[in-house]
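Structural features, examined
Listed below are the residues making up each chain.
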Amino acid sequence: MTATDNFEFLAEYQYHNDLQFLTDLSGLSHVNLPRDFVKQGDELQYTFEENNAYDKEAVSVSFNGKPVGYVKKYIVAFFIRLRMTRSLYA
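Please read these numbers as outputs of a predicted model, since none were measured by experiment. (Residues numbered from 1 in each chain as written. Predicted model: local features only at pLDDT ≥ 70, side-chain atom pairs only at ≥ 80, totals over all residues. Heavy atoms only, no water.)

1. A word on the nonpolar core
Core analysis: the biggest nonpolar cluster contains 13 residues, and Y46, V59, V71 and F79 have the highest contact counts within it. Secondary-structure elements contributing two or more residues to this core are β2 (43-49), β3 (58-63), β4 (66-71) and α1 (76-81). (Core = buried A, V, L, I, M, F, W, Y, C linked by side-chain atoms within 4.5 Å. Buried < 20%, exposed > 50% of the residue type's maximum accessible area, 1.4 Å probe, protein only. Helix = DSSP H or I, 4+ residues; strand = E, 2+ residues; numbered from the N terminus.)

Written out as structure tokens, the structure is:
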């Protein structure tokens, strides 16, 4: 592994109303957001981008309609299982 590789263990998640989830986002270098744009406790929205030309399973993340980034590929399966809800908290 190189210094930029990430290695994480993920637990099996069971959905419940108070679910909280912490992960890194990809694509942050493509958006120009102030450092404090999203604060802890802010509600984020996610969208499945089936028409994304680069990745048919892409999941974009936004805050108040402004794109923030994308859920990393290895986490997408979790979001697919949670399709019944449309928001997460920062």
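2. Focus on the pattern of salt bridges
Side-chain pairs of opposite charge can arise whenever the charged atoms involved come near each other. Taken as a whole, this structure holds two salt bridges when the rule is applied. As a salt-bridge pair, K73 and D55 come within 3.1 Å of each other at their nearest N and O atoms. With a gap of 18 residues between them, K73 in the loop between β4 and α1 and D55 in the loop between β2 and β3 connect regions that are remote in the sequence. Given a relative accessible area of 22%, D55 falls into the partly exposed group. (Salt bridge = Lys/Arg side-chain N within 4 Å of Asp/Glu carboxyl O.)

3. Concerning the side chain of D42
Here D42 lies in the loop between β1 (25-26) and β2. For D42, which is buried and forms no salt bridge, the nearest opposite charge comes from K39, at a distance of 5.3 Å. Polar contacts involving the side chain of D42 include one to the main-chain amide nitrogen of K39, which spans 2.6 Å. (Lys, Arg positive; Asp, Glu negative; His and termini not counted. Polar contact = N/O pair within 3.5 Å; in protein donor to acceptor, adjacent residues only side chain to side chain.)

4. Looking at the environment of E57
By the element assignment, E57 lies in the loop between β2 and β3. Separated by 19 residues in sequence, E57 and V76 have C-alpha atoms that sit 7.3 Å apart. Discounting chain neighbours no more than four positions away, the residues touching E57 are K73, V76 and I80. At a separation of 3.5 Å, a polar atom in the side chain of E57 contacts the side chain of K73. (Contact = heavy atoms within 4.5 Å.)

5. A short note on the side chain of S62
Residue placement: S62 occurs in strand β3. Not counting the four nearest positions on each side in its chain, S62 is found in contact with L44, Q45, P67 and V68.

6. Some thoughts on unusual backbone geometry
Positive phi, close to 50°, is recorded for N64, a residue that is not glycine. In this structure, N64 sits in the loop between β3 and β4.

7. Some details on the pairing of β3
Burial within β3 is extensive, with six of its six residues counted as buried. Every second residue of β3 is oriented toward a common face, with A58, S60 and S62 on one face and V59, V61 and F63 on the other, all of them buried. Of the pairings in the sheet, the one linking β2 to β3 comprises five bridges and is antiparallel in character. Along β3, the bridge assignment pairs Y46 with V61. Relative to β4, β3 runs antiparallel, the two being bridged by four bridges. By the bridge assignment, S62 is partnered in β4 with P67. (Pairing = 2+ DSSP bridges.)

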